[in-house]
Structures are given as structure tokens and as C-alpha cells.
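Residues per chain, in single letters:
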Amino acid sequence: MKSLLFLLFCTLFLNASTLGLDEILQKLRSEHPLAKSIQSLEFANSSQIKALSSREATKLLADTTYAKPQIESSGYEYSIGLEQNFMNPNVKNSIVKSAAYQGEAEILSLKHEFMLLENEVRLLYHVNCLDNESLDEYKRSFEAFVELYKKKEKAYSFGEISKKELLQLELELDRLKTEYKYYEDEVEVSRAALGAFVLLPQFSDKQLYCQDVQQVTKELLFNTQEESLQEASLNKKVQSLQSDFDRYNSQFDSFTFSAAYQNEIDAHRFVVGLSVPLNFTSSLNEESRAMLLHKKSALMHEKEGVKLQKASQADMLKSQLLQHFKEIQATTNMLNKYENTLMPLVESAYTLGESSAIEYLLSGREIWKLKEELIEKRKNYYKTLFQLYSVLKIKEQL
């Protein structure tokens, strides 16, 4: 019972002290400054739409005059009234829709930036996990070599090996110590790079979980026909321009109605007024429509360019991803042959004195060289993979 409780405690402690990729991304979506900026912009756009949809304030008109006619007695005259501007419902609807589409385009543009940030974090998470894996692998090899060196020191003290062989092993040990420090530094550098993008408090206090690293696979399915965030943003801009274009099709934008009471020395008046701008008397609407058509055409061409570039980049990155997979498979197969077939024979021959220390050391270096190549190829695979995600990714829920 105590053993079970101890194991449970260790599991809970490990989970509490590690940070997985999903947890990092969730915190990123709720706490990162860019995510908060997107949320604030959404609230701002909502308030803007409500403001544009509301009626204009009624104006109070008032004035007073001191009059001194030549015949009648002098006195004060005054006027008081109200004025209200009424916008053409079609024009108002077009203005509201245009602002809404423009606001959505800005939000989608920021979400595109945030999606690129997320994929950069995904990549750096995988890179740091691979660096940690490489360090752990090197640590095991280093510790195994330290044990071998200690045995050979004893063997030298008994005169079983030469001074030359011991010196060769000692030099190799010094080299391994230097390289071990290099791999420790690599872990620190990649962790710092990840922290620079994450920008979350207490991030440096936890270890990465690294059990959720995406597996290297040959086939990945992507929906290349689905609209990207860039395309969606351009579509909203086109819709905004179309709403502006519809606005300028109206014969009048608004009319102003006024009513006033005028108290003069010799008369009392009630005055009602109507003011309507006549759009047909100016070329403003015609020129504005022409300008909007050209802008819309420019955006459509830009969207077509983005679509073609997306397809071209996706095809290129898919080819690169497949090539990386093949290289990883080939290097893995070669490494397995070295580790499981050749190295046992070399170790056995060295133990029996049938081969020199140099042969043994060179074989060990060759295996580690293959391991380094494998780590780098996996890093290249993930770099290409998350670039592909960035090219094809659709909307993220924030």
C-alpha cells in the first residue's frame, strides 16, 4: 500500500513539475500579449458596430437677438428648435457592414500572426526536446566510457595495457567532457529560444514533458483546398470594399429634418425645414465607385497570388518532408546496424585484445556521428512540418 502511494505521489509530482506542449499552447492563447490584443480588438470592433448602428444625436437649436425697430418698441427676439439627421437605411447598412468586414479582416490578420507564433513555439518545443534527448544519450555514453576508463586504469596498474593505450583513452575522455558541456549549452540555448517566444511567467521553472513530441511519419493528410487565414482576411477586405461600393449607389446619403419656434417682436412663427444633399449634382459617387472597383480588383489579384503561392509552397514542403523522412529511415537503419551488429564485435575484439584502442574509439565516434546526424535530420523534419502547418493552417480558436 505504501509503495502504491509513493508511486502515485511521484507521478503527481512529475506531472506538476513538467510542462507539455498542449499546456503551453493553452497558456499562450489566454496569456500571451498578442492573444490579448486579438481579444481586445474583437471587443473594440463590437463596440464600433454598435456605435455606427445607433442614431445620431438630436441637435438643439437656439438663438436670441435684441431688436429695436424704428416704429415699434424694442425688445428681445428668440428662436428655439430641434434638428435631427436621418441616414439613408441602405447607406447606413453599408457603412456598418463595411466596418464589420474591415474589423474582421484585421482580426484575421492578427490571428495569422498568432498562428505563426504557435507553430514557431511547436518547433522550438520539439527542438528543445531533441536537444534534451541528445544530451541524455550523450550522458549515457559518457558514463559508460568513464566506467571503461576506470577499468583500464586498473588494467594499466597491473601492467595489462600500455601507457600509450591509457593515454589515448584519457585524451578521449577529455574530449568527451568538452563535448558534454557543448550539449548542455545547446539545451540551454534552445530552451531560452522557446522562452523568448512563449513570454509566460514561471515558464523557466518547469521541465518540458517531451512525451507528446509528434512522431515522424511518412504520410500526413492536409486539406489544401480549405481557405487560409490570409485568404480569409483578404476576402473580408473585398467584402468591405463591396459594401462601400453599394453605399455610393444611393441617390442621397441622408436628410436633415428640423423644427423651430421663433418669437419675434411682432410675430410668432413655427418653422419646419428639410435638407437633402443631391448626389447627382456631383461626380463624387461616380469617382468613388471607380476607385473602389480598382481597389477590389487589386485585392482579388493579391488573393490569387496568395492562393498560388500557398499551393506551390505546400507542394515543395511536402516533397521536402518526404525526403527528410527517407533520410531519417536510412540513418536509423544504418545506426541500428552499427549499434547492434558492428559495435558488439568491435567491443568484443577490443576486450580480447584483438583490436587497438584507436579502432574502438573510432567506431564509437562513428556511432555518435550517426546519432548526431539523426537528431539534425529530425530537427529538419519538424522545421519543414511546422512550415507546412503555417502555409496550410486555417483558423485557430482563441
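Here the residue numbering is sequential within each chain, running from 1 through the sequence in written order. Given that this is a predicted model, residues contribute local features only at a pLDDT of at least 70 and side-chain atom pairs are listed and counted only at 80 or more, while totals for whole chains, interfaces and linings are drawn from all residues. Side-chain metrics rest on all non-hydrogen atoms present in the structure, leaving aside hydrogens and water.

(A) Structural detail: the packing of helix α3 (residues 33-53) against helix α4 (residues 89-157). With axes taken as lines fitted to C-alpha atoms, and helix axes fitted only over the stretch in contact, angles between N-to-C directions fall between 0 and 180 degrees. Secondary structure follows DSSP: runs of H or I at least 4 residues long count as helices, runs of E at least 2 residues long count as strands, and numbering of each begins at the N terminus. Where α3 meets α4, the axes come as close as 10 Å, and the angle between the chain directions of the two elements is 180°. Here α3 is positioned roughly antiparallel relative to α4, judged by the angle of their axes. Residue classes follow a fixed rule: Ala, Val, Leu, Ile, Met, Phe, Trp, Tyr, Cys and Pro count as nonpolar, while Asp, Glu, Lys and Arg count as charged, and any other residue, Gly among them, counts as polar. Split into classes, the residues belonging to the contact of α3 with α4 amount to 13 nonpolar, five polar and six charged. Angles below 35 degrees are treated as roughly parallel, those above 145 as roughly antiparallel, those between 65 and 115 as roughly perpendicular, and all remaining angles as oblique.

(B) Quick look at the sheet that holds strand β3 (residues 75-87). In short, DSSP must find at least two bridges between two strands for them to pair. With antiparallel pairing, four strands are arranged side by side in an open sheet as β2-β3-β5-β6. Of all strands in the sheet, those with a lone pairing partner are β2 (59-67) and β6 (268-275), marking the two edges. Direction aside, neighbouring strands of the sheet carry axes that sit 15° apart on average. Two elements, β3 and strand β5 (residues 254-263), share ten bridges in a ladder whose sense is antiparallel. Across the sheet, the residue bridging to G81 is A260, located in β5.

(C) Main features of helix α5 (residues 163-198). For α5, spanning 36 residues, the distance from its first C-alpha to its last is 53 Å, which sits close to the expected 52 Å at 1.5 Å a residue. One or two positions beyond α5, positive phi appears at L199, with a value near 55°. What a helix is expected to span follows from its residue count: subtract one and scale by 1.5 Å.

(D) Summary view of the packing of α4 against helix α8 (residues 357-392). The contact between α4 and α8 brings their axes to 9 Å, and the two run at 170°. Relative to α8, the element α4 is oriented roughly antiparallel. When its residues are assigned to classes, the contact of α4 with α8 shows 15 nonpolar, five polar and eight charged.

(E) Main features of the state of the cysteines. Criterion for a disulfide: a pair of cysteine sulfur atoms within 2.5 Å. Throughout the structure, instances matching the rule amount to one disulfide. Two residues share a disulfide in this structure: C129 and C210, whose sulfurs sit 2.0 Å from each other. One disulfide, between C129 and C210, carries an S-S torsion of -90° and so falls in the left-handed class. Pair noted here: C129 is in helix α4 and C210 is in the loop between β4 (207-208) and α6 (229-247), with a separation of 81 residues, a long-range link.

(F) Region of the structure containing the confidence of the model for the protein chain. Confidence in the prediction for the protein chain averages 89 pLDDT; 94% of positions are at 70 or higher. A score between 0 and 100, pLDDT records how confident the predictor is in each residue. Only heavy atoms matter for contacts: two residues are in contact if any of them lie within 4.5 Å across the pair. In this model residues 5-15 is a low-confidence stretch, pLDDT under 50, and it forms zero contacts with partners more than four residues away in sequence or in other chains.

(G) Just the packing of aromatic side chains, in detail. Only Phe, Tyr and Trp rings take part, Trp by its six-membered ring, and two of them pair if their centres are within 6.5 Å. Stacked means planes under 30 degrees apart, edge-to-face means over 60, and tilted covers everything else. Using the criterion set out here, one finds 15 aromatic pairs in the structure. Consider the rings of Y66 and Y76, whose centres lie 5.0 Å apart with planes at 65°: the pair is edge-to-face. Here Y76 lies in strand β3 and Y66 lies in strand β2, a separation of ten residues in the sequence. With relative accessibility at 63%, the residue Y76 sits in the exposed group. Aromatic side chains Y78 and Y261 sit 6.2 Å apart centroid to centroid with 65° between the ring planes, which places their arrangement in the edge-to-face category. Residue Y78 is located in strand β3, and its partner Y261 is located in strand β5; the two are separated by 183 residues in the primary sequence. Only protein chains enter the area calculation, which uses a 1.4 Å probe; residues under 20% of their type maximum are buried, those over 50% are exposed, and those in between are partly exposed. Assessed through its relative accessible area of 22%, Y261 is described here as partly exposed. Put simply, the rings of Y138, F142, Y180, Y182, Y183 and W368 touch in pairs and so form one group of aromatic residues.

(H) Looking closely at the side chain of S228. The topology assignment puts S228 in the loop between β4 and α6. Assessed through its relative accessible area of 6%, S228 is described here as buried. Apart from residues no more than four positions distant in its own chain, S228 is found in contact with K310, V391 and K393.

(I) Main features of the pattern of salt bridges. By convention in these notes, a salt bridge is any Lys or Arg side-chain nitrogen within 4 Å of a carboxyl oxygen on Asp or Glu. Across all of its chains, the model carries 16 salt bridges by this definition. Across the pair K59 and E83 runs a salt bridge whose closest N-O atoms are separated by 3.9 Å. One end of the pair, K59, is in strand β2; the other, E83, is in strand β3, and 24 residues separate them in sequence. For E83, a relative accessible area of 22% corresponds to the partly exposed category. Taken together, the shared-partner salt bridges connect E137, R140, E339 and K371 into one network.

(J) Spotlight on the side chain of E77. Among the structural elements, E77 can be located in strand β3. Nearest to the buried, unbridged E77 among oppositely charged side chains is R269, at 7.1 Å. Those residues within four positions of E77 in sequence are excluded, and the remaining contacts are D63, T64, T65, A67, N263, E264 and I265. Neither His nor the chain termini are counted; the positive set is Lys and Arg, and the negative set is Asp and Glu.

(K) Representation of the environment of L116 in the model. With respect to the helices and strands, L116 occurs in helix α4. L116 gets classed as partly exposed once you look at its relative accessible area, which sits at 37%. Taking C-alpha positions, L116 is 31 Å from L292, a pair spaced 176 residues apart along the chain.

(L) α4, seen in detail. Taking 1.5 Å per residue, 69 residues should reach 102 Å; α4 reaches 101 Å between its end C-alpha atoms and fits that length. By the N-cap criterion, in which a side-chain oxygen at the helix start approaches the backbone nitrogen of a residue two or three places on, α4 is capped by N88, the distance to N90 being 3.0 Å. Following α4 by one or two positions, G159 has its phi on the positive side, about 75°. Polar contact is the term for a pair of N or O atoms within 3.5 Å; when the atoms are in protein, one must be able to donate a hydrogen and the other to accept it, and sequence-neighboring residues count only if both atoms are side-chain atoms.

(M) Summary view of the nonpolar core. Among buried residues, those of type Ala, Val, Leu, Ile, Met, Phe, Trp, Tyr and Cys that are joined through side-chain atoms within 4.5 Å constitute a nonpolar core. Counting residues in each nonpolar core, the largest one holds 66 residues, and the members touching the most others are I24, V121, Y125, L194, V198, F203 and Y382. Those elements giving two or more residues to this core turn out to be α2 (21-31), α3, α4, α5, α7 (284-351) and α8. Of all the elements, α4 adds the most residues to this core, at 18 residues. Beyond its immediate stretch of four places on either side in the chain, Y382 contacts L123, H126, L130, V213, Q214, Q215 and V216. Core analysis: the second largest hydrophobic core is formed by eight residues, F245, Y248, L292 and L299 among them.

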